[in-house]
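Below, each chain spelled out in residue letters.
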Amino acid sequence: MNLTCIECPKGCLLTIEIQDSEVIVEGYDCLRGKRFGEKEVKNPTRTIATTVKTIYPELPVVSVRTASEIPKEDIFKVMEEINKVIIDKVYPIGTVLISNVCRTGADIITTSDMTRIINK
Ligand code: SF4
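Residues numbered from 1 in each chain as written. Predicted model: local features only at pLDDT ≥ 70, side-chain atom pairs only at ≥ 80, totals over all residues.

**Some words on the domain arrangement of the protein**
Step number 1: According to the domain assignment, the protein consists of domain 1 (2–43) and domain 2 (49–116).
Step number 2: Each of domain 1 and domain 2 has a C-alpha centre, and these two points are 30 Å apart. (Domains from an automatic or database assignment.)

The structure is reproduced here in structure tokens:
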């Protein structure tokens, strides 16, 4: 299979084959790409970066992300949990909004500082 490495903007085109249960990756320019290709076959993961609604008109959404990578197959159910949240308190950057989201082991944290915009 072919896929593009997303570990850096260069976007090397990887070719991945499985031979005798071994993952063979070609086309990478650095070892990050080799590891990315192997992980995409064995255990693909992603970081989610998105926004959460707030009750504050002056800051209607706040940016959030997963604090660590989650299994790619869990992205949609994690997004469903994130979309249920409506922030009704003023939080600093790095606040955990959801701990261990969907039992992935990852927290959902704020990536912007609400206290700089809202004075409550
Ligand atoms: S293989 Fe290395 S150089 Fe190529 S896109 Fe991936 S991280 Fe970047």
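Let us keep going from here.
**Examining the site of the ligand**
Step number 1: Close contacts around the ligand come from C5, E7, C8, K10, G11, C12, Y28, D29, C30, R32 and G33, and that covers them all.
Step number 2: Residue composition of the shell around the ligand, grouped by class: five nonpolar, two polar and four charged. (Near = placed C-beta within 6 Å. Nonpolar A, V, L, I, M, F, W, Y, C, P; charged D, E, K, R; others polar.)

**What to know about the sheet that holds strand 8 (residues 86–87)**
Step number 1: Across the sheet, five strands lie side by side as 8-5-6-10-9; this open sheet has mixed pairing. Both edges of this open sheet fall to strand 8 and strand 9 (96–98), since each of them pairs with a single strand only.
Step number 2: In this structure, strand 9 lies alongside strand 10 (residues 108–110), joined through two bridges in antiparallel fashion. Bridging from a neighbouring strand, V96 pairs with I109 of strand 10. (Pairing = 2+ DSSP bridges. Helix = DSSP H or I, 4+ residues; strand = E, 2+ residues; numbered from the N terminus.)

**Digging into the sheet that holds strand 2 (residues 13–19)**
Step number 1: A sheet is described by the order of its strands in space; here three strands give the open sequence 1-2-3, paired in antiparallel fashion. Edge positions in the open sheet fall to strand 1 (2–4) and strand 3 (22–26), since each of these has one partner strand only. With strand direction ignored, the average angle separating the axes of adjacent strands in the sheet is 30°.
Step number 2: Note that strand 1 and strand 2 share three bridges and pair antiparallel. Paired with L3 across the two strands is L14, which belongs to strand 2.
Step number 3: Packed on one face of the sheet, helix 1 (residues 31–42) meets strand 1, strand 2 and strand 3 and runs near 140° to strand 3. (Axes fitted to C-alpha atoms, helices over the stretch in contact; angles between N-to-C directions. Contact = placed C-beta atoms within 7 Å.)

**Overview of the pairing of strand 6 (residues 61–66)**
Step number 1: Burial along strand 6 is one-sided: the residues V62, V64 and T66 are buried and none of V61, S63 and R65 is.
Step number 2: Where strand 5 (residues 49–54) lies against strand 6, five bridges are found, and the strand directions are antiparallel. Bridge assignment links T50 to a residue of strand 6, and that residue is V64.
Step number 3: Counted between consecutive antiparallel strands, the loop separating strand 5 from strand 6 contains six residues. (Buried ≥ 20, exposed ≤ 12 C-beta atoms within 10 Å, placed from the backbone.)

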